[in-house]
Amino acid sequence: MHGMLDFLKVAIVAYVFILLTEEGMIFGWYGRLIQKMKQDWLYKPLGGCMACFSGQCALWYYLIANFHSYNFFDHIVFISAVILTVLFIDKLINYGT
(Lines give C-alpha, C1' and ligand atoms only; values in the text may rest on other atoms or scores of the structure.)
Protein backbone atom coordinates (compact mmCIF):
# COMPACT_ATOMS: atom_id res chain seq x y z
CA MET A 1 0.00 0.00 0.00
CA HIS A 2 1.31 3.44 -0.85
CA GLY A 3 0.43 5.35 2.28
CA MET A 4 -1.38 4.53 5.46
CA LEU A 5 -3.75 7.46 5.02
CA ASP A 6 -4.64 6.80 1.38
CA PHE A 7 -8.06 5.58 2.54
CA LEU A 8 -8.72 9.04 3.98
CA LYS A 9 -7.72 10.76 0.73
CA VAL A 10 -9.98 8.49 -1.32
CA ALA A 11 -12.86 8.98 1.15
CA ILE A 12 -12.57 12.78 1.02
CA VAL A 13 -12.48 12.85 -2.78
CA ALA A 14 -15.45 10.47 -3.05
CA TYR A 15 -17.48 12.45 -0.51
CA VAL A 16 -16.78 15.81 -2.15
CA PHE A 17 -17.58 14.42 -5.60
CA ILE A 18 -20.97 13.19 -4.36
CA LEU A 19 -21.67 16.65 -2.93
CA LEU A 20 -20.73 18.26 -6.23
CA THR A 21 -23.24 16.10 -8.15
CA GLU A 22 -26.17 17.73 -6.36
CA GLU A 23 -28.42 20.10 -8.30
CA GLY A 24 -26.85 23.51 -8.75
CA MET A 25 -23.30 22.27 -8.21
CA ILE A 26 -20.56 21.95 -10.83
CA PHE A 27 -21.26 18.26 -11.50
CA GLY A 28 -25.04 18.56 -11.21
CA TRP A 29 -25.29 17.52 -14.85
CA TYR A 30 -23.67 14.20 -13.92
CA GLY A 31 -26.11 13.70 -11.06
CA ARG A 32 -29.03 14.27 -13.43
CA LEU A 33 -27.48 11.90 -15.97
CA ILE A 34 -27.13 8.96 -13.59
CA GLN A 35 -30.61 9.53 -12.13
CA LYS A 36 -31.98 8.42 -15.49
CA MET A 37 -30.49 4.95 -15.01
CA LYS A 38 -33.06 2.28 -14.24
CA GLN A 39 -30.65 -0.37 -12.94
CA ASP A 40 -29.52 0.08 -9.31
CA TRP A 41 -26.45 -2.09 -9.91
CA LEU A 42 -25.21 0.61 -12.27
CA TYR A 43 -26.76 3.73 -10.75
CA LYS A 44 -25.53 3.24 -7.19
CA PRO A 45 -21.80 2.65 -7.81
CA LEU A 46 -21.67 5.48 -10.36
CA GLY A 47 -22.79 8.02 -7.74
CA GLY A 48 -26.36 7.25 -6.73
CA CYS A 49 -25.28 5.85 -3.37
CA MET A 50 -22.55 7.43 -1.27
CA ALA A 51 -21.32 4.14 0.20
CA CYS A 52 -21.46 2.33 -3.15
CA PHE A 53 -19.62 5.11 -5.00
CA SER A 54 -16.91 5.40 -2.35
CA GLY A 55 -16.52 1.62 -2.40
CA GLN A 56 -16.00 1.72 -6.17
CA CYS A 57 -13.44 4.50 -5.81
CA ALA A 58 -11.62 2.46 -3.18
CA LEU A 59 -11.79 -0.76 -5.20
CA TRP A 60 -10.22 0.79 -8.29
CA TYR A 61 -7.75 3.01 -6.45
CA TYR A 62 -6.34 0.08 -4.52
CA LEU A 63 -6.06 -2.11 -7.61
CA ILE A 64 -4.17 0.57 -9.53
CA ALA A 65 -1.97 1.72 -6.64
CA ASN A 66 -1.06 -1.82 -5.57
CA PHE A 67 -0.87 -3.56 -8.90
CA HIS A 68 2.52 -5.16 -8.22
CA SER A 69 1.97 -5.97 -4.56
CA TYR A 70 -1.68 -6.98 -4.39
CA ASN A 71 -3.05 -8.37 -1.14
CA PHE A 72 -6.69 -9.48 -1.06
CA PHE A 73 -7.20 -8.96 2.67
CA ASP A 74 -5.65 -5.47 2.56
CA HIS A 75 -7.87 -4.66 -0.40
CA ILE A 76 -11.03 -5.59 1.53
CA VAL A 77 -9.85 -3.62 4.57
CA PHE A 78 -9.06 -0.59 2.38
CA ILE A 79 -12.51 -0.62 0.76
CA SER A 80 -14.17 -1.02 4.16
CA ALA A 81 -12.12 1.83 5.65
CA VAL A 82 -13.08 4.18 2.82
CA ILE A 83 -16.78 3.36 3.08
CA LEU A 84 -16.76 3.68 6.87
CA THR A 85 -14.89 6.99 6.67
CA VAL A 86 -17.30 8.45 4.11
CA LEU A 87 -20.29 7.46 6.23
CA PHE A 88 -18.59 8.93 9.31
CA ILE A 89 -17.85 12.21 7.50
CA ASP A 90 -21.46 12.36 6.33
CA LYS A 91 -22.76 11.80 9.88
CA LEU A 92 -20.47 14.52 11.22
CA ILE A 93 -21.50 17.04 8.58
CA ASN A 94 -25.21 16.25 8.83
CA TYR A 95 -25.33 15.84 12.62
CA GLY A 96 -28.38 17.57 14.00
CA THR A 97 -30.04 18.28 10.67
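We now turn to the structure provided with this report. (Residues numbered from 1 in each chain as written. Predicted model: local features only at pLDDT ≥ 70, side-chain atom pairs only at ≥ 80, totals over all residues. Heavy atoms only, no water.)

Notes on the nonpolar core
At step 1: Core analysis: the largest hydrophobic core is formed by 14 residues, its most contacted members being V10, Y15, M50, A58, F78, V82 and V86.
At step 2: Where this core is concerned, the elements lending two or more residues are α1 (6-20), α4 (50-65) and α5 (72-93). (Core = buried A, V, L, I, M, F, W, Y, C linked by side-chain atoms within 4.5 Å. Buried < 20%, exposed > 50% of the residue type's maximum accessible area, 1.4 Å probe, protein only. Helix = DSSP H or I, 4+ residues; strand = E, 2+ residues; numbered from the N terminus.)

Concerning the packing of aromatic side chains
At step 1: Tallied over the full model, the rule gives seven aromatic pairs.
At step 2: Ring geometry for Y62 and F78: centres 5.7 Å apart, planes at 45°, overall tilted. Of the two residues, Y62 is situated in helix α4 and F78 in helix α5; the sequence distance between them amounts to 16 residues. For the residue pair Y62 and F78, the accessibility class agrees, reading buried in each case. (Phe/Tyr/Trp six-rings, centres within 6.5 Å; stacked < 30°, edge-to-face > 60°.)

Remarks on a nonpolar patch on the surface
At step 1: A cluster of nonpolar side chains, namely M4, L5, L8, I12 and V16, defines an oily patch on the protein surface of about 490 Å² accessible area.
At step 2: Mapped onto the fold, V16 is located in helix α1.
At step 3: We classify V16 as partly exposed; its relative accessible area is 38%. (Patch = residues over 30% accessible without salt bridge, like charges linked within 9 Å, V, L, I, M, F, W, Y side chains within 5 Å. Areas by Shrake-Rupley, 256 points an atom, 1.4 Å probe, with all protein chains shown as cover. Salt bridge = Lys/Arg side-chain N within 4 Å of Asp/Glu carboxyl O.)

Considering the side chain of D6
At step 1: Within the fold, D6 resides in helix α1.
At step 2: The contacts of D6, once residues within four sequence positions are left out, are Y61 and F78. (Contact = heavy atoms within 4.5 Å.)

As for the side chain of H75
At step 1: Within the secondary structure, H75 is located in helix α5.
At step 2: Residue classification places H75 among the buried residues on the basis of a relative accessible area of 5%.
At step 3: Only 2.8 Å separates the side chain of H75 from the side chain of Y70, close enough to count as a polar contact.
At step 4: Every residue in contact with H75, bar those within four places of it in the chain, is listed here: A58, L59, Y62, L63 and Y70. (Polar contact = N/O pair within 3.5 Å; in protein donor to acceptor, adjacent residues only side chain to side chain.)

Just distances and angles here, no functional claims.
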